[in-house]
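Fold and geometry: a report
Spelled out, the chains give:
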Amino acid sequence: MSEQWLEVTLPVPAQELDRVCDVLTANGMTGLVVEEEGEFLHFLEQNRQYWDYVDEDLARHMRGASRVKFYVPDNEEGQKQLRQYLSGLEQYEPQTVSLREEDWATSWQNYYQPIPVGKRIYIVPEWMRGCPVPHGRVPLYLNPGLTFGTGSHPTTQLCLELLEEALVSGSRVLDLGCGSGILAIAALALGAQHATGVDIDPKAVDVAYENAAMNGIGKDRLTVYAGDVLGDAKLAQKLEPGGNQVVLANIVADVIIPLSAVVEQFLTPDGVFLASGVIDTRADEVEAAIRANGLAITRRLERSGWCAFRAERP
């Protein structure tokens, strides 16, 4: 018998989207799917070659939309998880739909197509392995499953574009808040020698290793730790202090700001810090924190209300 899943949807005002995602993440939910009208329209435009027509009902459904979706098991344990995740968000009325696992997977696969990012990266659903990859692009295979970090969100794409520009073949890369491992894996696919990932969620370790294996990358090139680099000095010592040409942080403003005070210790003298996941209303605050901690902002990218930064020593 296939497993039953509960799809949970929270309609959220656009100005509250960042806060709601932060609360859900803090409560332990790492598999968020964010739906915004701008992102949806960008998705359609980006993948126009795959569509014979635009579903007008779907377009109307997404008009002015701002929703957060996630999935829990459709059982008593799942209900317990749901109450935990929604703690502090009682003002929002969740909408739930029960799905069989294969129904969920089929629904996802019908809409998910390869995504070109930057000049070289090509994010491909694992079930489309074997399809032609455009000349000059490096395939990055992912199985979206029930986890966040598929490459479709603007914050991930902005970080990947900055990574593509900054990475030198043979570099060592540190990904703080690695999640699914997509950024670390992309760095290795683009020519990094070794990547290290860190995440506060212990489940991220297995997920990142599974996604790396899907791309032919083993533990000899990728190392993943669970823990909080801000509060664990022993963990920090494992992260090659002074030895990373690139340090990534695609998280949220409230984490990037304190990270900016310690990130320099992990960088080589000519290393770069790439920060993404910053909603535009917090961008100036994050930029000021990075500058206050001795790094110069050398690049700032913006898309769909999100910002990303490249910073390095002056």
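**Overview of the packing of helix α6 (residues 154-166) against helix α7 (residues 182-189)**
Pairs of packed helices are described in terms of their axes, by the angle between the two and the distance that separates them. One way to put it is that α6 packs onto α7 with a least axis distance of 11 Å and a crossing angle of 25°. As the angle between them shows, α6 and α7 are arranged roughly parallel. Seen from above, α6 lies across α7 with right-handed handedness. Packed against α6, whose contacting residues are Thr156, Cys159, Leu160 and Leu163, the element α7 presents Ile182, Leu183, Ala186 and Ala187 at the interface. Here the contact of α6 with α7 is built from residues that sort into seven nonpolar, one polar and no charged.

**With respect to the sheet that holds strand β14 (residues 306-312)**
Ordered in space as β10-β9-β8-β11-β12-β14-β13, the seven strands form an open sheet in which the pairing is mixed. If you trace the sheet from one side to the other, it starts and ends with β10 (222-226) and β13 (296-303), each paired once. Shown here is a sheet whose adjacent strand axes are inclined to one another by a mean of 15°, direction ignored.

**Considering the nonpolar core**
Generally speaking, nonpolar side chains in soluble globular proteins are found buried as a group. Counting 41 residues, the largest nonpolar core has Ile123, Leu163 and Leu222 as the members making the most contacts within it. Non-local contacts of leucine 222, meaning those with residues more than four positions away in its chain, are made with Ala184, Leu188, His194, Ala195, Ala208, Tyr209, Ala212 and Ile217. Counting 26 residues, the second-largest nonpolar core is a separate cluster that includes Leu174, Leu176, Phe273 and Leu295.

**Let's talk about the pattern of salt bridges**
Counting across every chain of the model gives 15 salt bridges. With a shortest N-O distance of 3.7 Å, glutamate 240 and arginine 172 are connected by a salt bridge. Highlighted residues: glutamate 240 in the loop between α9 (233-237) and β11 (244-250) and arginine 172 in strand β8 (residues 172-176), separated in sequence by 68 residues. We classify glutamate 240 as partly exposed; its relative accessible area is 35%. Judged by relative accessible area, arginine 172 falls into the partly exposed class, the value being 22%.

**What about the packing of aromatic side chains?**
Here the structure, examined in full by the defined rule, presents one aromatic pair. Relative to tyrosine 85, the ring of phenylalanine 70 lies with its centre 5.9 Å away and its plane at 90°, an arrangement referred to as edge-to-face. Here the residue phenylalanine 70 occupies a position in strand β3 (residues 66-73), and tyrosine 85 occupies one in helix α4 (residues 76-85), the gap between them amounting to 15 residues. The exposure class assigned to phenylalanine 70 is buried, which follows from its relative accessible area of 0%. The cationic tip of arginine 129 hangs over the ring face of tyrosine 141; the distance from NZ or CZ to the ring centre is 4.1 Å. Here the guanidinium or amino end of lysine 219 rests over the ring plane of tyrosine 209, the centre of that ring lying 4.6 Å away.

Reading the values: rules and limits
- Residues numbered from 1 in each chain as written.
- Predicted model: local features only at pLDDT ≥ 70, side-chain atom pairs only at ≥ 80, totals over all residues.
- Heavy atoms only, no water.
- Axes fitted to C-alpha atoms, helices over the stretch in contact; angles between N-to-C directions.
- Helix = DSSP H or I, 4+ residues; strand = E, 2+ residues; numbered from the N terminus.
- Parallel < 35°, antiparallel > 145°, perpendicular 65-115°, else oblique.
- Left-handed = near helix turned anticlockwise from the far one by under 90°.
- Contact = heavy atoms within 4.5 Å.
- Nonpolar A, V, L, I, M, F, W, Y, C, P; charged D, E, K, R; others polar.
- Pairing = 2+ DSSP bridges.
- Core = buried A, V, L, I, M, F, W, Y, C linked by side-chain atoms within 4.5 Å.
- Buried < 20%, exposed > 50% of the residue type's maximum accessible area, 1.4 Å probe, protein only.
- Salt bridge = Lys/Arg side-chain N within 4 Å of Asp/Glu carboxyl O.
- Phe/Tyr/Trp six-rings, centres within 6.5 Å; stacked < 30°, edge-to-face > 60°.
- Lys NZ or Arg CZ within 6 Å of the ring centre and 35° of its normal.

So, to be careful, I would describe these as geometric facts and stop short of saying anything about function.
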